[in-house]
Each structure stands twice: as structure tokens, then as C-alpha cells.
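Residues per chain are reported as follows:
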Amino acid sequence: MFVDVARIHVTGGAGGAGAVAFRRERGVPRGGPSGARGGDGGDVVLVADGRLDTLLDYSYREHYRARRASHGEGGNRVGASGEDLRLPVPLGTLVRDVETGGRIGELLDEGDELVVARGGRGGRGNASFASPTHQAPREWEPGEWGEERHIELELKLIADVGLVGEPNAGKSTLLARVTAARPRVADYPFTTLTPNLGVVGLSDSRSFVMADIPGIIEGAHEGRGLGTQFLRHIERTRTLALLVSVDDADPQATYDLLREELRGHDAALAGISHCVLLTKSDLRPPDADVAVDAPESWGQFEISSVTGAGIAKVLESLWARVQIEKKALREAEEPDPLEGAATWRP
């Protein structure tokens, strides 16, 4: 079962209380205060785990609490700190505070960690209050309570290529043809009810990740169909492939609709580079010429996922485009070596 949104309540562990104690040892008269501080409570930490691809586990349980710390003891023995509670989440998980709506952070790479609820600080024992003028203090502090938060986890799949199209445009068939993924394929609309991921393998150990989302219909960005529920899964793709069937009554109108729905959901989606795949070429009459006017696309290809016609060329083109987008991203993230440098003046 695919779950891409979950709300949970997290609580950091409580800190331990400080102790009140005095040294009582043979040969050490008036040994002074020896009450130590309590330990710090454990944190609740989210950890990105590449083995997960859904938030299903968090739909069964709502409350998560880290371990509380031990109290301080005499003999200057500091209380043991509470153990952190580490919760694994899929790569691409965005975390928000439910009450404020603020973004806490996101986990994109394997091993990324995000503290969502800090444990309470341990209280000081009476040894911490000793001074030359206050040599036998009996003051102590209780441990602080851990931080509490109601958070929302939202999964946005991370893929190199996102397949976008109307229901029955051939997205799942293409994914099943070029990857080991086995999405549901049938001759009726909305056979894809959840996003699917697959790895496309090419020669020379090259590969890229392809994502197929449920079909887009008119008004998807306003809540019609399943589009608004899953359009967010293509926000992190490097490039998009817009699928238009050659047996469509009006391929140009279909392409324009897809572009408009992407723009309506998020203007940033319309800015992602894209190509056009004219699918089901095996159904096109030999003398028919099907094409769409797509000046903003970086390529237009005609394919058949059933016969395999045009597939090899498309995969090579997609891989090349993914490398271009990766290079552009790296260059954008690299700091300018001259930025902040002093300007020499004669």
C-alpha cells in the first residue's frame, strides 16, 4: 500500500532531575555537596532510508516519544542521558509543523538526519550551586520536559524522469517495458492509482530512475481525478516526458491541457524541461502524420511500447538530458570563487 502523507506526534525525552547529596566518607570531614546533574532526554530524529518507498508504517501509529534520562546521583554521578528515537523515512520526505504550517526540513540523501523534537535538558544537582560563601547548598533543579510537536510527513518521490499524461496514454506500459517495475496495465482509465518507480538500465552501466504518476485530466490541479494528489511527486524530477497518444482525437489539445495542468498546480512545474512522447505508434495509420506544436520542449519522439519502436532512441535521449540537468544543478550550487574577494585598486 502506498502512503505519501502521514501526521504524527513526536515528543523528546524528559531530562533527569539533579540530586541533593553530601559526601560521607571516612577521613573526609565536611566533604561538601556531591549531588550531580541529571542526564539529557533523548531526541526524536528522522533518518533517510533508501530501502523505504512509502510512509505506510506511520499510518498505524501516531505517538512517538524518545527515552527519558536518569536522575543525577550522589558521589557526583551524572544521570545517564536518554536514548534517541530514530525513525526511518523514505528519501524525499518533507517535514512540516502542523500547527504553524512552517517547513522544518527535508531528507533527500541516504543517511540524512533531522531532529524534529529535542530532549529536555537535565537539571543541576546541589554540587553545581556550591560557592565559597554557600558551601552546603540544598538547591537542585528538575529536568526539563522534552519538546512536543505535531508534524506532517509528505513524501515526494525523487526521480530523474517523470511520465505525465492522460489516463491510458501508455505511461505504465512504457514503464513496464523499460524497467523491472510491474505497474497495473489495463484498457480502462485510472489503472494507475499510486505512483510507480523503476530503474532504466542502459549499456556501460548507465541508468536513471523513471516515475509514473496517475493520469492527469482537465481540472486535476483543482482536485479532479487523482492529479492533485500525486502531482507533487514530479516536483523533484530533472526532466518530464509528456505522453500523448497518436490515436487521440486532438493531440495538440491534449498536450496543451497537460501543460496547463502542470502550470496550474505549481508554476515551477511548468519550468521543468520536458519532451513529448507520441505513444502507440503501432496504432497510427501508415499515411497519417501526427505531431504537436511544442516549442518549449527539448525533443519530440514517436514510440510504441508494445512493439518497441523508437524506445532505444528515447532512452538514450532521456539519459543525455538527465546528465545536462545534473550538470546545470551542480554548476548552480558551486560557489563563485571570485565572490567576496577583495578588489584590487591601483
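What you see is a predicted model; the values in this text were computed from it and never measured.

Asker: Which parts of the structure should I look at to understand helix 1 (residues 171-178)?
Answerer: Owing to its 3.6 residues per turn, the α-helix aligns residues three or four sequence positions apart on the same side. Taken as a whole, helix 1 has its buried residues at Lys171, Ser172, Leu174, Leu175 and Val178. Buried residues of helix 1, seen end-on, are gathered within an arc of 160° and therefore sit on one face of the element.

Asker: Just checking my understanding: could you explain the sheet that holds strand 7 (residues 113-117) for this structure?
Answerer: Sheets are built from strands paired through backbone hydrogen bonds, the pairs being either parallel or antiparallel. Reading across from one edge, 4-2-7 is the order of the three strands in this open sheet, with mixed pairing throughout. In this open sheet, the two strands that pair with only one neighbour each are strand 4 (85-89) and strand 7. Between one strand and the next, the sheet's axes are offset by a mean angle of 30°, whatever the strand orientation. Summarising the sheet, strand 2 (residues 44-48) and strand 7 pair through four bridges and their orientation is antiparallel. Bridge assignment links Val44 to a residue of strand 7, and that residue is Ala117.

Asker: Just checking my understanding: could you explain the pattern of salt bridges for this structure?
Answerer: Should their charged atoms come close, side chains of opposite charge can pair. Counted according to the given criterion, the structure contains 17 salt bridges. Asp160 serves as the salt-bridge partner of Arg238, at 2.9 Å between the closest nitrogen and oxygen. In this pair, Arg238 is assigned in the loop between helix 2 (227-230) and strand 12 (239-245) and Asp160 in the loop between strand 8 (148-155) and strand 9 (161-165), connecting sequence segments 78 residues apart. Residue Asp160 is classed as buried on the basis of its relative accessible area of 10%.

Asker: Can you walk me through the environment of Asp293 in this structure?
Answerer: Here Asp293 shows up in the loop between strand 13 (274-279) and strand 14 (300-302). Look at Asp293 and you get exposed, because its relative accessible area is 54%. Taking the C-alpha atoms as reference, Asp293 lies 8.7 Å from Tyr255; in sequence the two are 38 residues apart. Ignoring sequence-local partners within four residues, the contact set of Asp293 consists of Gln252 and Tyr255.

Asker: In this structure, what is going on with the side chain of Ser34? I would like to understand it.
Answerer: Within the secondary structure layout, Ser34 lies in the loop between strand 1 (5-11) and strand 2. Overall, the relative accessible area of 2% leaves Ser34 in the buried class. Apart from the residues within four sequence positions on either side, Ser34 is in contact with Ala21, Phe22, Arg23, Glu73, Gly74, Gly75, Asn76, Asn126 and Ala127.

Asker: What should I look at first to understand the nonpolar core in this one?
Answerer: Soluble, globular proteins show a tendency: their nonpolar side chains are buried together. By size, the foremost hydrophobic cluster in this structure holds 23 residues, and its most contacted members are Ile8, Val10, Leu46, Tyr58, Val95, Val116 and Leu153. Elements supplying a minimum of two residues to this core: strand 1, strand 2, strand 4, strand 7 and strand 8. Residue contacts for Val116: discarding those within four places in its chain leaves Val10, Val44, Leu46, Val95, Glu147, Arg149 and Ile151.

The rules behind the values
Residues numbered from 1 in each chain as written. Predicted model: local features only at pLDDT ≥ 70, side-chain atom pairs only at ≥ 80, totals over all residues. Heavy atoms only, no water. Buried < 20%, exposed > 50% of the residue type's maximum accessible area, 1.4 Å probe, protein only. Helix = DSSP H or I, 4+ residues; strand = E, 2+ residues; numbered from the N terminus. Arc of directions from axis to C-beta. Pairing = 2+ DSSP bridges. Axes fitted to C-alpha atoms, helices over the stretch in contact; angles between N-to-C directions. Salt bridge = Lys/Arg side-chain N within 4 Å of Asp/Glu carboxyl O. Contact = heavy atoms within 4.5 Å. Core = buried A, V, L, I, M, F, W, Y, C linked by side-chain atoms within 4.5 Å.

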